[in-house]
Amino acid sequence: MINLLAVKAIYFHEMNRTRRTILQSIISPILSTSLYFIIFGSAIGSRIKEIDGVTYGMFIVPGLLMLNLLTQSVSNGSFSTYFPKFNGTIFELQAAPISGVEMIIGFVGATATKSIILGLLIIATASFFIDLNILHPFLMVFFLLMTAITFSLFGFVIGLWADNFEKLSLIPLIVITPLVFLGGSFYSINMLPEIWQKISLLNPVLYLVSGFKYSFYEISDVSIWTSIITILLILLILIVITLLIFKKGYNLRN
Amino acid sequence: MKKNFIQIKKVSKIYKNKFAALKNVDLNIQEGEIFALLGPNGAGKSTLINVLCGITYHSKGDIFIDGIDLTKNRKKIKSLIGLVPQELHLEAFETVFDNVNYSRGLWGKKKDNNYILNLLKKLNLDDKKNNLLMQLSGGMKRRVLIAKALSHNPRILFLDEPSAGVDIELRKEMWDIIYTLKKEGVTIILTTHYIEEAEEIADRVAFINNGEIILVEDKNVLLNKLGNNKLVFTLDNSFKKVPAVLNKYSYKISKNKSCIEFFLSKEKNEVSDILLSIKKSKMDYLDFNIEKRSLESIFVDFIKKEKK
Ligand SMILES: Nc1ncnc2c1ncn2[C@@H]1O[C@H](COP(=O)(O)OP(=O)(O)OP(=O)(O)O)[C@@H](O)[C@H]1O
Ligand SMILES: [Mg+2]
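Described in the following lines is the structure provided in the data block.

Moving on, we come to the sheet that holds strand β5 (residues 68–69) of chain B. All names here are of chain B. With respect to topology, four strands assemble into an open sheet ordered β2-β1-β4-β5, the strand pairing being antiparallel. Every other strand in the sheet has two partners, leaving β2 (20–29) and β5 as the edge strands with one partner each. Note: strand β1 (residues 6–14) against strand β4 (residues 60–65), five bridges, orientation antiparallel. Bridge assignment links glutamine 7 to a residue of β4, and that residue is phenylalanine 64.

Now the structure itself:
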């Protein structure tokens, strides 16, 4: 049986933490999205001809969304589980009658909620700069939800694993950001030489960006089904890893 | 009242670095009693508490709480327990009220604002309920931790050094709270360095040293058996020998003849008799006082004996 009251307690505790930093949480994505549109959408974008039939400003929306979703989910997720270890309040989570699953739902749920709000804010900001016409809104929302949940969970695991601040920022910095930039966020992979196209296909983030592009404009680097299966597969693998970690008695003091 | 509410059977704890913090600990705690764990720094008090609370896993032995095997059903056992940890670890930017509420939620209890407000009042925190935790003094933080532990109506309360950094007034208030909880049937296990605290509130006392329980005894029995007081006279140079009238008392003269100690028996009030006899026999002295043999000195003796 899932203890819903405990899940709720964790969820709202985390959401309150977010509320305390609300300004920073809203302003920074709006600001960075606006900058991207001013620089890449208008200034440089006006010199770039259309890609796959859409203007460059429109083309970068799914990638920008993915970039923010991934980095924010991972860093917020990892912070939420690392922080109690750092300030010592972990003792309470360890002493409380809560299972690993309840902890995951509470923490990951809160982080994912934050990411989804962020994603919607970015889409709203983007619509100020370009005419945004989302061809498959439900599919788009599906990818938004799945990406937010999956990478919040990824962050959660990193937070459990990390025992110092360096490790905490390492993964977003050296893994997530490069994968997003190399995943066709700001270009179409058929603009690359053939060998690099092949190498790009090893990057899982490419499949996710492609899924987003499809749901926005029906343009994509890989088939939409490949994208859907990829995100579900990543989520499944992460769930298994997390449960294994909990079974081993995660960060318990020895 | 259940007998042997908490059963600890041959429990050992070996930390990752191979350090044995608990060695074959055998202990039974009754429901509704106040049980004090005494021991020097590093004795293993916190380790034992953390094991019982399910925070740390023990390496060997069995633990049953309310008949439930700890290793088989940690969740069930954790739901019975409130813990006030030794360290003052609290979130910084949350209000007192929200944070105490959060604990109640973590233990799966329905929201009950009145209960929490009452609790804060009992702990003298009601005027601080909207303060951020980082705005509190150390003693107030300790009280918040007590409120958090009580927020979910535990049947067992662990207090790991509840009096560390707490002033005398608050300590008295805390004892009152502990007494009230005992009346409500809560089982209380505490560790302390203040021996007077154990003397004041505990029903039973265990001495722990180097990860081993070296004595478990009813507090009153212990004090009676070993807790005799001494009447000590500081002597001046003119002292030659003890007047014969005093021979019926048991006493000891220090080697340099600077003081004489009379060992008082618990039952009779011998102090006035001795004083009277001394006055009659015109024995000179500079000063006198009564030295209480506290649990502390009993404890120190015990540890010394252990070392021999
Ligand atoms: N995580 C750990 N890893 C290794 N050794 C530990 C760990 N935690 C505690 N110890 C050791 O176990 C012993 C008992 O520690 P514990 O904290 O239980 O003592 P204590 O009786 O609570 O002491 P104090 O009165 O100082 O609080 C100490 O020697 C300590 O160094
Ligand atoms: Mg301790």
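The subject of this paragraph is the environment of histidine 136 of chain A. All names here are of chain A. Tracing the chain through its elements places histidine 136 in the loop between α5 (100–129) and α6 (137–161). The sequence separation of histidine 136 and isoleucine 98 amounts to 38 residues, and the corresponding C-alpha distance is 39 Å. If near-sequence neighbours (up to four positions away) are discounted, histidine 136 is found in contact with Tyr214, Ser215 and Glu218.

At aspartate 66 of chain B, a position not held by glycine, the phi torsion is positive, near 50°. Its place among the elements puts aspartate 66 of chain B in the loop between β4 and β5.

Strand pairing in a sheet relies on backbone hydrogen bonds. The paired strands run either parallel or antiparallel. Residues and elements named next belong to chain B. The sheet built from six strands is open, its strands ordered β6-β7-β8-β3-β9-β10 with mixed pairing. Either end of the sheet is taken by a strand with one partner, and the two such strands are β6 (81–84) and β10 (212–218). The sheet shows a mean angle of 15° between the axes of neighbouring strands, direction not considered. The pairing of strand β9 (residues 204–209) with β10 spans six bridges and is antiparallel. Each residue of the ladder has a partner; that of valine 205, found in β10, is glutamate 217. Helix α1 (residues 45–52) rests against β3 (34–38), β6, β7 (156–160), β8 (187–192) and β9 of the sheet, and its axis sits at about 150° to β7.

Another point: the site of ligand 1. All names here are of chain B. In the vicinity of ligand 1 lie 15 residues, with Asn41, Lys45, Ser46, Thr47 and Gln86 positioned nearest. The backbone of alanine 43 places a nitrogen or oxygen atom 3.1 Å from an oxygen atom of ligand 1. Glycine 44 is positioned with one of its backbone polar atoms (N or O) 2.9 Å from an oxygen atom of ligand 1. Calculation on ligand 1 without its partners gives an accessible area of 630 Å², and the protein chains cover 69% of this total. Broken down by element, the shell around ligand 1 gets its largest block of residues, three residues, from α1. Its residues assigned to classes, the shell around ligand 1 shows five nonpolar, eight polar and two charged.

Rules behind the numbers
Think of each chain on its own: its residues are numbered from 1, step by step along the sequence as written. As they are written, the chains are lettered A onward and the ligands numbered 1 onward, keeping that order. Restriction of local features to residues with pLDDT of at least 70 applies here, the model being predicted, together with a cutoff of 80 or more for giving and counting side-chain atom pairs; totals for whole chains, interfaces and linings are based on all residues. As a rule here, side-chain values cover all heavy atoms of the structure and leave hydrogens and water aside. At least two DSSP bridges between two strands are needed for those strands to be called paired. In DSSP terms, a helix is any run of H or I states spanning at least four residues, a strand is any run of E spanning at least two, and both are numbered starting from the N terminus. Whether two residues are in contact is decided by their heavy atoms, any of which lying within 4.5 Å being enough. Orientation is described by lines fitted to C-alpha atoms, with helices fitted over the stretch in contact, and by angles between N-to-C directions that extend from 0 to 180 degrees. One heavy atom within 4 Å of a molecule or strand is enough for the residue carrying it to be called near that molecule or strand. Nitrogen and oxygen atoms within 3.5 Å of one another constitute a polar contact, given that in protein one can donate a hydrogen and the other can accept it, and given that sequence-neighbouring residues count only through two side-chain atoms. Under the convention used here, a 1.4 Å probe and the Shrake-Rupley method define accessible areas, while residue burial counts only the protein chains that appear. Residue classes follow a fixed rule: Ala, Val, Leu, Ile, Met, Phe, Trp, Tyr, Cys and Pro count as nonpolar, while Asp, Glu, Lys and Arg count as charged, and any other residue, Gly among them, counts as polar.

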